[in-house]
Protein chains: 2
Amino acid sequence: MNLQRKFGLVIKELRLKKGLSQESLANQSDIDRTYISDIEKGERNISLKIIERLSETLQISLSELFKKIEEYE
Amino acid sequence: MNLQRKFGLVIKELRLKKGLSQESLANQSDIDRTYISDIEKGERNISLKIIERLSETLQISLSELFKKIEEYE
């Protein structure tokens, strides 16, 4: 599974753990909702700024976020 | 200092530690040399794929790379 796909699945997992809808994650991160949906499906080669915003909203450090992605089976 | 700037400085630090020129880092990562220069100056909002390629060439995991960035003073 490629990095983009794993990234999306981990973001979705973290979002659901926080009880957030795609819409509220989108609003809190100042990102379009459909873009969140694409990210979670692994369809976006997202930028560093978007990664940072998601990590802030999901309250996880970037190193921890990528640790989860590296450990994702 | 913003994330982009810190990212660039850490990439430069890792590159120099490996004794690589910008050109060889660029060639080994299949990225344009001027783009590497921009990245190191913190002038690029780079993508997940470029981050992944750089981490592979510099032989550092993404979680370790972002750990270094988080610790960068």
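Residues numbered from 1 in each chain as written. Chains lettered and ligands numbered in written order. Predicted model: local features only at pLDDT ≥ 70, side-chain atom pairs only at ≥ 80, totals over all residues. Heavy atoms only, no water.

An unreviewed UniProt entry lists chain A under the name Helix-turn-helix protein, from Cellulophaga geojensis KL-A.

Draft legend 1. Main features of the packing of aromatic side chains. Applying the stated criterion to the full structure yields 3 aromatic pairs over all chains. Residues F66 of chain A and F66 of chain B carry aromatic rings whose centres are separated by 4.7 Å and whose planes lie at 0 degrees to one another, so their mutual orientation is stacked. Placement of F66 of chain A in helix 5 (residues 62–71) and of F66 of chain B in helix 5 (residues 62–71) is noted, with the two residues assigned to different chains. Here the two residues F66 of chain A and F66 of chain B agree in accessibility, since each one is buried. Each ring, one from F7 of chain B and one from F66 of chain B, has its centre 6.1 Å from the other, and the planes form 50 degrees; the classification is tilted. Note that F7 of chain B is positioned in helix 1 (residues 3–17) and F66 of chain B in helix 5, a separation of 59 residues in sequence. The structure contains a cluster of three or more aromatic residues connected by ring pairs, namely F7 and F66 of chain A together with F7 and F66 of chain B. (Phe/Tyr/Trp six-rings, centres within 6.5 Å; stacked < 30°, edge-to-face > 60°. Helix = DSSP H or I, 4+ residues; strand = E, 2+ residues; numbered from the N terminus. Buried < 20%, exposed > 50% of the residue type's maximum accessible area, 1.4 Å probe, protein only.)

Draft legend 2. Seen up close, the relation of the copies chain B and chain A. Superposing chain B onto chain A takes a rotation of 180 degrees plus a shift of 0.0 Å along the axis, which leaves an RMSD of 0.0 Å. Look at the turn and shift together and you get a two-fold axis relating the two. (Least-squares fit on C-alpha atoms with pLDDT ≥ 70 in both.)

Draft legend 3. Spotlight on the interface of chain B and chain A. Across the boundary between the two partners, chain B contributes 16 residues, which contact 16 residues of chain A. Summed over both partners, the interface of chain B with chain A buries about 1,500 Å², with 67% contributed by carbon and sulfur atoms. Counting every contact that joins chain B to chain A gives 12 residue pairs in polar contact (both at pLDDT 80 or more). Counting residues per element, the ones that place at least two in the side of chain B that touches chain A are helix 1, helix 4 (48–57) and helix 5 of chain B. Broken down by element, the side of chain B that touches chain A gets its largest block of residues, 5 residues, from helix 5 of chain B. Looking at the side of chain B that touches chain A, its residues break down into 7 nonpolar, 5 polar and 4 charged. (Contact = heavy atoms within 4.5 Å. Buried area = accessible area lost by both parts, 1.4 Å probe. Polar contact = N/O pair within 3.5 Å; in protein donor to acceptor, adjacent residues only side chain to side chain. Nonpolar A, V, L, I, M, F, W, Y, C, P; charged D, E, K, R; others polar.)

Draft legend 4. Inspection of the pattern of salt bridges at higher detail. Residue and element names in this part refer to chain A. Counted under the stated rule, the structure contains 4 salt bridges over all chains. The partner of R15 in a salt bridge is E40, with the nearest N and O atoms 2.6 Å apart. With R15 in helix 1 (residues 3–17) and E40 in helix 3 (residues 33–40), this residue pair connects regions lying 25 residues apart in the sequence. Both residues of the pair, R15 and E40, belong to the buried class. (Salt bridge = Lys/Arg side-chain N within 4 Å of Asp/Glu carboxyl O.)

Draft legend 5. Region of interest: unusual backbone geometry. Residue and element names in this part refer to chain A. Positive phi, close to 55 degrees, is recorded for D30, a residue that is not glycine. Within the secondary structure layout, D30 lies in the loop between helix 2 (22–29) and helix 3. Located in the positive-phi region is Q59, a residue other than glycine, with phi close to 50 degrees. Within the fold, Q59 resides in the loop between helix 4 (48–57) and helix 5.

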